[in-house]
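# Coordinate inspection notes
As a plain string of letters, each chain reads:
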Amino acid sequence: MTEVQDSVFDADIHAKAKEIISRYPQSRSALLPMLHLVQSVQGHVSQEGIAFCGKHLDLTDAEVSAVATFYTMYKRKPCGEHLLSVCTNTLCAAMGGDAIYRKLQEHLGAEGKPLGHEATAGTPGEPGSITLEHAECLAACDLAPVLQVNYEFYDNQTEQSAVELVDALQRGEKPAPTRGAPLTDLKSAELQLAGFFPEDAERFAADVDGPSAATETLRGAALAQERGWVAPPMREENA
Amino acid sequence: MTMAPEETETEVPEGHVKLIVDGEEVIAPKGELLIRTAERLGTVIPRFCDHPLLDPAGACRQCLVEVEMGGRPMPKPQASCTMTVADGMVVKTQRTSPVADKAQQGVMELLLINHPLDCPVCDKGGECPLQNQAMAHGRASSRFVDTKRTFPKPLPISSQVLLDRERCVLCQRCTRFSAQIAGDPFIELLERGVHQQVGTAETAAVFSGTPAPEPSDMASKTSSGAPFQSYFSGNTIQICPVGALTSAAYRFRSRPFDLVSSPSVCEHCSSGCAERTDFRRGKVMRRLAGDDPDVNEEWICDKGRFAFRYAAASDRIRKPLVRDAKTGELVETSWTEALRVAADALSKARDARGAAVLTGGRLTVEDAYAYSKFARIALRTNDIDFRARAHSAEELDFLAGVVGTTPDHVSFAAIERAPTVLCVAIEPEDEAPIVFLRLRKAALKHSTKVVHVGQWTTSSVRKTNGELLACEPGGEAAALDGIAQHAKDLDAGLAEAGAVILLGERAAEVVGLFSAVQRLAERTGAKVAWIPRRAGERGALEAGAAPTLLPGGAAVSDADARAALESAWRLDAGVLPSSPGRDTTGILWAAATGDLDALVVGGIDPDDLPDPALARKALAAAGFVLSMEMRPSAVTEHADVVLPIATVDEKSGRFLNWEGRPRPFTVTLEGTNALPDCRVLDTLAVEMDADLFTQTPQASFADFERAVSAGRSVVRETNGSGTAEHSRPHAGESNGNGKLKLATWRQLIDEGSLQAGEPHLAGTARTAVVRLSAATARDHGIEPGEHATVSTERGELTLPAEIADLPDGVVWVPARSPVSIRTALGVGHGGAVSLSGGTA
């Protein structure tokens, strides 16, 4: 096969694609991380990105499109520097997630029009631009309402704190997430989702690793330990 | 009742299970799907996604039944199209289970929620599984009162398949067919949840910030931006159980209940697919795949489905034409007059330097036989050849051994069961698409090893999980001879019982290939099947429309066979010509140089012939040319008499497919007054004082059978004279003087004359490109995507260049897309050409 070369994806990305493919016994298994790789370059999955994956994995554009349109983490329009996901699933919604989302829509909207789902405030790709989305359960009900920037958690939010966070992001600041790794930008996060991490151990610890467990998450376990609660023993089959 | 019947345990055969369906005890083979078991009992469970030739999917949920296993009812109704039978299972379908019935009604109601219920304007209305099953298993009315989901419509999936998404029930038959059967996943299920829809990459709303393309631009494309071509996409229209996929050519043209359906046989390739031709008021509206498990299963290629408009073309020749001596124009005349003129001229030619017959490769057995007998009796010559393509004397010797073989030798089923299939000088997807589907099925379902002797990894190689045994064009014979040494596993594979070698028409262009194939077959025991490209070739061979063979395959030089045939034909002893005739090129050469006075020409396009220039010269030089044609062709301009003949829709007859399987068909369009070739020849022969007894296809076939059985009664001389002439391709054929070797074959959808008048089909033709290796391109300064010019001293051809894994120094060009490579370059497969960078 001849070398796939085009203007959007440089040699480094092609090399990374091959590295991803080499992780799997069957090349088509590499499609999900490949689509993240594509997003790390363009901030979304473009038609060129679909073709890039198809060529590398010997899939048709239709097959790649089927996968790319199924998963909500693959964005089909250019995204901002940051992706802001507000959880509006049941618990977060009840705890104020809906209100936060509404507030941010208005706050980020222009000319009196609230910002829509997966719409971007500012010019996509420019510093300070933010794409807003409402998300399904982010698996942090104990810290509700939560929101994520580039998939990093900001817990126990209020309308006020969310607006402050957004303002800071627009100023070009990167406020530290409540837990986990420090905030970067969407494209960097996408590269990590594609499975590429800093090789240097210290940088890995600083950029990727981070304490992800919160006190709230462990509160139940601590209480049980404190009071000596244990699960009932498994019943014997023939007892 | 006096005695209670004794409780007898029904014997359960090995590999079977016993279960109860609707209270009835059934023995079913292990692995059978419940929906089929019920079907065998006469209970039709409604279904959409289920298709016997596709893998189970359980996508539509319409076939829910109640199932009990080991005395425990399963908690929810189960999809009977994905669940297999098990011992002791108790199944209740909608017939006996109110639960199943209600579940089916519920699913139907859900499937119809977003369905537009536009049956009165839908192509499928009247033959629609959704419509029928909604009537049989649905509720009378819907409880859904909200606005239905709508989509812009229709989306062109390709130039011939249109998609109305709001009618779709997401059964995935089309996507599964494309991926599994055809190997062309050009449509897929996109989006999720309520937005889920079938579409192409272009409809997937993945647009780089650019506005959505025009609907006309949404046809599926490949990564390189070229339209995604599938030769089989028409099947998705036929298996769509709703009106979501419709044919651009048929859309809004007629209603199923206005159509008359007639079983028919495809005239396009040598597979002889069963088809159904639907017509209305004397006009064919569409063709569908027939169901013939032995041949095409339930699939046909798009050419067979869509290429039928030529028969209704406005330029059809309906009346005999005779060239006016004064004006030099062809003028319409009566049959009597035309036949008289033709008979006089042919008689005169016969008694002078002779007349010869070129039949073309598209005849039924009956028509080919009439030509064969006409040549021998009326023209008293063996100068007859059905091969309107590259051919060789070596091929003729080989074909003598092909005559009389039946599906017992090699069949579609044998291909499917074969442990190893070696494809030699054939590109199955282009040249025998249904053979390709069987090869793919064999590879996927039975792990058949498919090896292609060719020049590059074509889609046929990829989609049959095949291996490429690469060689230079013309080097195929050497490649086969090298198998014993260089491909020991293939050699061992071919020695296994059931191994098959498939040989295509291109073999005639490679010196020594037939003998190499025979050597390989004899050494390994593999069976050889000859798969010509055209539908009539095998039948014409059997009918003796060849210069060295009599009907039934005996050699014309065999005195006993001739004597037997003379007695069967009630002729005086010794009147049949005994010397082998000239082949196609020989005939043309003789006509061009004045050695022949007249030509009788069937359906032939000079551009298909090995040397189109010679053919044109011969047609111009021949004193008299009789053309038997449906439509004006390149022969017409040279013809002195043109006799119109019937299309397959207008006559009965039979093709003999490559297996040697008779494929009979009856008249579809009655009362057109169009005459089959055999009838025209019979009458013409009478004018020449010869009796063919081929007035009707029935009479012709009866006479053919008499001739063949007469031939069988004599011991056949050994075929194959093996003269020195066989060691080189036919004289008169240029081999070019370039430095590179040319590989070429015809793509399925190209400029062939039977594809005329069908722009939707033409829109799915593969793009014509020059293929070459990266190194060859570099050496000639050609960048991928640029144009390349292939040339000989005869002419040149410029097409976009595409890099493929060809051997260095080899270029591939399609043989008739967009022009005849023979006409443009004067060379064929294996010819020598030059290459340069060209401009668009």
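Rules used throughout
- Residues numbered from 1 in each chain as written.
- Chains lettered and ligands numbered in written order.
- Predicted model: local features only at pLDDT ≥ 70, side-chain atom pairs only at ≥ 80, totals over all residues.
- Heavy atoms only, no water.
- Buried < 20%, exposed > 50% of the residue type's maximum accessible area, 1.4 Å probe, protein only.
- Helix = DSSP H or I, 4+ residues; strand = E, 2+ residues; numbered from the N terminus.
- Pairing = 2+ DSSP bridges.
- 1 Å grid on protein atoms, 1.4 Å probe; cavity = no way out; pocket = protein on both sides within 12 Å on 5 of 7 lines; lining within 4 Å.
- Points joined across faces, edges and corners; volume = space filled by probe spheres on them.
- Nonpolar A, V, L, I, M, F, W, Y, C, P; charged D, E, K, R; others polar.
- Patch = residues over 30% accessible without salt bridge, like charges linked within 9 Å, V, L, I, M, F, W, Y side chains within 5 Å.
- Areas by Shrake-Rupley, 256 points an atom, 1.4 Å probe, with all protein chains shown as cover.
- Salt bridge = Lys/Arg side-chain N within 4 Å of Asp/Glu carboxyl O.
- Axes fitted to C-alpha atoms, helices over the stretch in contact; angles between N-to-C directions.
- Parallel < 35°, antiparallel > 145°, perpendicular 65-115°, else oblique.
- Left-handed = near helix turned anticlockwise from the far one by under 90°.
- Contact = heavy atoms within 4.5 Å.
- Phe/Tyr/Trp six-rings, centres within 6.5 Å; stacked < 30°, edge-to-face > 60°.

All right, on to the pairing of strand β1 (residues 82-87) of chain A then. All names here are of chain A. Of all six residues in β1, six are buried; the element is thus mostly enclosed. Burial along β1 is two-sided: the face carrying His-82, Leu-84 and Val-86 and the face carrying Leu-83, Ser-85 and Cys-87 are both buried. Bridge count for β1 against strand β3 (residues 130-135) is six bridges, and the pairing is parallel. The residue of β3 that forms the bridge with Leu-83 is Thr-131. Bridge analysis of β1 against strand β4 (residues 147-149) gives three bridges, and the strand direction is antiparallel. Bridge pairing in β4 places Ser-85 opposite Gln-148.

This next bit is on the layout of surface pockets. Reported here for the second largest pocket is a volume of approximately 650 Å³. Lining the second largest pocket are 39 residues; nearest its centre among them are Arg-362, Glu-629, Met-630, Ser-753 and Leu-754 of chain B.

Turning our attention to empty space enclosed by the protein. Residue and element names in this part refer to chain B. Using the criterion set out here, one finds eleven cavities of 30 Å³ or more in the structure. Empty space within the largest cavity amounts to approximately 260 Å³. Taken together, 20 residues line the largest cavity, and the ones lying closest to its centre are Glu-505, Glu-509, Arg-746, Ala-815 and Arg-822. Looking at the lining of the largest cavity residue by residue, the classes come out as six nonpolar, two polar and twelve charged. For the second largest cavity, the calculated volume is near 90 Å³. Forming the boundary of the second largest cavity are 14 residues, of which Cys-168, Cys-171, Cys-174, Cys-240 and Ala-244 lie nearest the centre. Residues of the lining of the second largest cavity, tallied by class, amount to twelve nonpolar, one polar and one charged.

Further remarks concern a nonpolar patch on the surface. Residues Leu-32, Phe-70 and Tyr-71 of chain A make up a contiguous nonpolar surface patch of roughly 250 Å² in combined accessible area. You can see Phe-70 of chain A is positioned in helix α4 (residues 61-70).

Packed helices, taken two at a time, are described by the angle between their axes plus the distance between the axes. All names here are of chain A. One way to put it is that helix α1 (residues 11-22) packs onto helix α3 (residues 47-57) with a least axis distance of 11 Å and a crossing angle of 50°. The pairing of α1 with α3 is recorded here as oblique in orientation. Helix-helix and strand crossings are classified by hand; for α1 and α3 the assignment is right-handed. Contacts between α1 and α3 involve Ile-13, His-14, Ala-17, Lys-18 and Ile-21 from the former and Phe-52, His-56 and Leu-57 from the latter.

Another aspect to go through is the packing of aromatic side chains. Residue and element names in this part refer to chain B. This structure, assessed with the given rule, holds 15 aromatic pairs over all chains. Seen in terms of ring centroids, Tyr-369 and Phe-704 are 5.5 Å apart; in terms of plane orientation they differ by 70°. Their pairing is edge-to-face. Taken together, the residues Tyr-369 in helix α8 (residues 365-378) and Phe-704 in helix α23 (residues 697-712) connect sequence positions 335 residues apart. As far as burial versus exposure is concerned, Tyr-369 and Phe-704 are alike and both buried.

With that settled, consider the sheet that holds strand β13 (residues 274-280) of chain B. Residue and element names in this part refer to chain B. Read across the sheet, three strands follow the order β12-β13-β14 without closing on themselves; strand pairing throughout is antiparallel. Bordering the open sheet on either side are β12 (260-265) and β14 (283-289), each of which pairs with just one other strand. Mean inter-strand twist for the sheet, computed between neighbouring axes without regard to direction, equals 30°. For β12 and β13, the ladder comprises six bridges, and the chain directions are antiparallel. Bridge pairing links Ser-264 to Glu-275 in β13.

This part is about the pattern of salt bridges. Tallied over the full model, the rule gives 76 salt bridges over all chains. Two residues, Arg-76 of chain A and Glu-191 of chain B, come together in a salt bridge whose shortest N-O distance is 2.5 Å. Remark: Glu-191 of chain B occurs in the loop between β9 (188-190) and β10 (197-199) and Arg-76 of chain A occurs in the loop between α4 and β1; the pair is interchain, linking two chains.

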